[in-house]
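So you can see what is in the structure, the chains are spelled out below.
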Amino acid sequence: MLAIAVTVTPLLVELVAIFGVRHIVPWGDDALLELTVRTIGHHTVLLGPYSRFHWHHPGPLLFDWLAIPYHAFGSRPGALYQGALLTAAISVGLVGWIAYRRGSARLAWCTMAIIGIFTWAVGPDIVSVPWNPWITILPLLAMMCLAWSATCGDLWAYPLAAAAGAFLVQSHVEYTVITAAVLALSAIIIVGRAVRHRAEWRRVGVVTLVTAGLLVALWSLPIYEELSRDPGNMTKLSDFSSAAEADHSLSDGIEITAHELGAIPAQVVGLESGAAGHSPPPIWSGIVTLAALVLATVIAARRRAWSALKLAVLVAAGTVAAAFSAANVVGPIQPYLVVWITAVGTGAWIALGAAILTPGSTPVPFPTRRGIGVVAAAVVIVLAVVNTYSALVADPPSAAGTTTIPPLLRGIVPALGRPSAGPIYIRLASPNSWPFAAGVILALDRRGYDTVVEPDVNWLLGER
């Protein structure tokens, strides 16, 4: 579809532009991610990305997925960032295709206009970075839309939604509550639909079995890790959750969620690229988004546009889950921990578009529908230009690592022997030096050197 093609153009332009960046030297989290991705196919990776609390996120699906574009793009330093952009493009494509399936070309254009505003709001830094709190934001929106499509009769979208949910939870445990809420509620709606249409029971049964088999396959490595180690990572996670004291109240979670929901209206008013990625949107914008969700629910119910009403209900469930998740953050609520909630707010605006444009017993006047489609198409085209420009003028990937790591290497590499002489021992002079250590280890790995670190930092730098 043309709407999808125009919307993903800035992502693909940035992906191609990375080929022309001569020097990219990852450090910190990006270096740790690339070190693990490089081992896929050579060693079995059982754990997800590290947590600052000395456990790991539940599983390795992020590494497994990124290994595909990473090696396809030549295992170059920039290939991991291209993998992040490809992930974003696929997510946008799924959302646009589902909007087209559920509504019409007009709804697809409207949805892509909302996505364009969203990517403008979070900025190229977030959509192009493979860091697990950020690369998962657009897949969250795709998961919610896949679940929505499944409730509307596209039952084979449910296994895809479940797979996307597994990717989210394994990559960042913060997604557990919203993933469980959306998948459980959509399953209830599907079963309710099957009760009304008995002919669907066989399809529901087959899809259920496929989903169960897929989830067993996707979770097999984390389950094996838990059963083969004492304590396993799941046990560490459970013990941490049980012992953690509440730092925030539910009202704190509601307030944070209200801020983060407002990325779309705040961007329309503020016009600053990447604003939502740098600081929480103002509270008024979240209130406007909640009002849009309520309005979507009312319009869909009055028009008997049941498809749109299901999306509004799923977004509402996601909003409640987001507030609960934010309230249960341990320690300070840093912006990077809750920026994913902006995707839920984006879902609210898509629901409003669906309430107006999806079929219902009471149609919206045709001139109104046509006017929305024309305006949305114009917005998509303008935003494609804006987002392309923002991507091209943004700093290259890992600009900080490219500045700091090469001087260290110039002092280290000449003093080393051949890679075959044995592993290089790297000691962290202080806990704060780990980003430099990660960048140096990755650079040495590219030169064929094996490295070893102290056992007490294995949780961070990885057992390999």
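Residues numbered from 1 in each chain as written. Predicted model: local features only at pLDDT ≥ 70, side-chain atom pairs only at ≥ 80, totals over all residues. Heavy atoms only, no water.

Caption draft 1: Examining the pattern of salt bridges more closely. If you walk through the whole model with that rule in mind, you get five salt bridges. Of the charged contacts in the structure, one is a salt bridge between Arg-101 and Asp-154, with a shortest N-O distance of 2.7 Å. Highlighted residues: Arg-101 in helix 4 (residues 79–102) and Asp-154 in the loop between helix 8 (137–151) and helix 9 (157–171), separated in sequence by 53 residues. The salt bridge involving Glu-225 is made with Arg-229; its shortest N-O contact spans 3.8 Å. For Arg-229, a relative accessible area of 30% translates into the label partly exposed. Several salt bridges converge on common partners, so that one network encompasses Arg-101, Arg-102 and Asp-154. (Salt bridge = Lys/Arg side-chain N within 4 Å of Asp/Glu carboxyl O. Helix = DSSP H or I, 4+ residues; strand = E, 2+ residues; numbered from the N terminus. Buried < 20%, exposed > 50% of the residue type's maximum accessible area, 1.4 Å probe, protein only.)

Caption draft 2: Structural view of the environment of Pro-280. With respect to the helices, strands and loops of the structure, Pro-280 is situated in the loop between helix 16 (275–278) and helix 17 (283–303). Residue class for Pro-280 comes out partly exposed when judged on its relative accessible area of 42%. Residues Pro-280 and Thr-211 lie 69 residues apart in sequence; the distance between their C-alpha atoms is 36 Å. For Pro-280, the residues in contact, after removing those within four places along its chain, are His-259 and Glu-260. (Contact = heavy atoms within 4.5 Å.)

Caption draft 3: Representation of unusual backbone geometry. The peptide bond linking Asp-230 to Pro-231 adopts the cis configuration, its omega dihedral lying at 0 degrees. For Pro-231, the position within the fold is in the loop between helix 12 (220–228) and helix 13 (233–243). Although it is not a glycine, Ser-75 adopts a positive phi angle of roughly 55 degrees. As for its position among the elements, Ser-75 is in the loop between helix 3 (61–72) and helix 4. One non-glycine residue, Arg-304, lies in the positive phi region at around 55 degrees. Residue position: Arg-304 is located in the loop between helix 17 and helix 18 (306–327).

Caption draft 4: Broad picture of the packing of helix 14 (residues 250–260) against helix 18. Across the interface, helix 14 lies against helix 18 with an axial gap of 7 Å and an inter-helix angle of 120 degrees. Taken together, the axes of helix 14 and helix 18 lie oblique to each other. In the crossing of helix 14 with helix 18, the sense of the turn from one axis to the other is right-handed. Listed contacts from helix 18 to Leu-250, Gly-253, Ile-254, Ile-256 and Thr-257 of helix 14 are Thr-319, Ala-322, Ala-323, Phe-324, Ala-326 and Ala-327. The residue makeup of the contact of helix 14 with helix 18, split by class, is eight nonpolar, three polar and no charged. (Axes fitted to C-alpha atoms, helices over the stretch in contact; angles between N-to-C directions. Parallel < 35°, antiparallel > 145°, perpendicular 65-115°, else oblique. Left-handed = near helix turned anticlockwise from the far one by under 90°. Nonpolar A, V, L, I, M, F, W, Y, C, P; charged D, E, K, R; others polar.)

Caption draft 5: Looking closely at the packing of helix 17 against helix 20 (residues 341–357). Two numbers describe how helix 17 lies on helix 20: the axes approach to 8 Å, and their chain directions differ by 30 degrees. With respect to their mutual orientation, helix 17 and helix 20 come out roughly parallel. Considering how the two elements wind past one another, helix 17 and helix 20 form a crossing that is left-handed. On helix 20, the residues that touch Val-288, Thr-289, Ala-292, Leu-293, Leu-295, Ala-296, Ile-299, Ala-300 and Arg-303 of helix 17 are Gly-345, Ala-348, Trp-349, Ala-351, Leu-352, Ala-355, Ile-356 and Leu-357.

As far as function goes, none of this settles anything; it's purely spatial.
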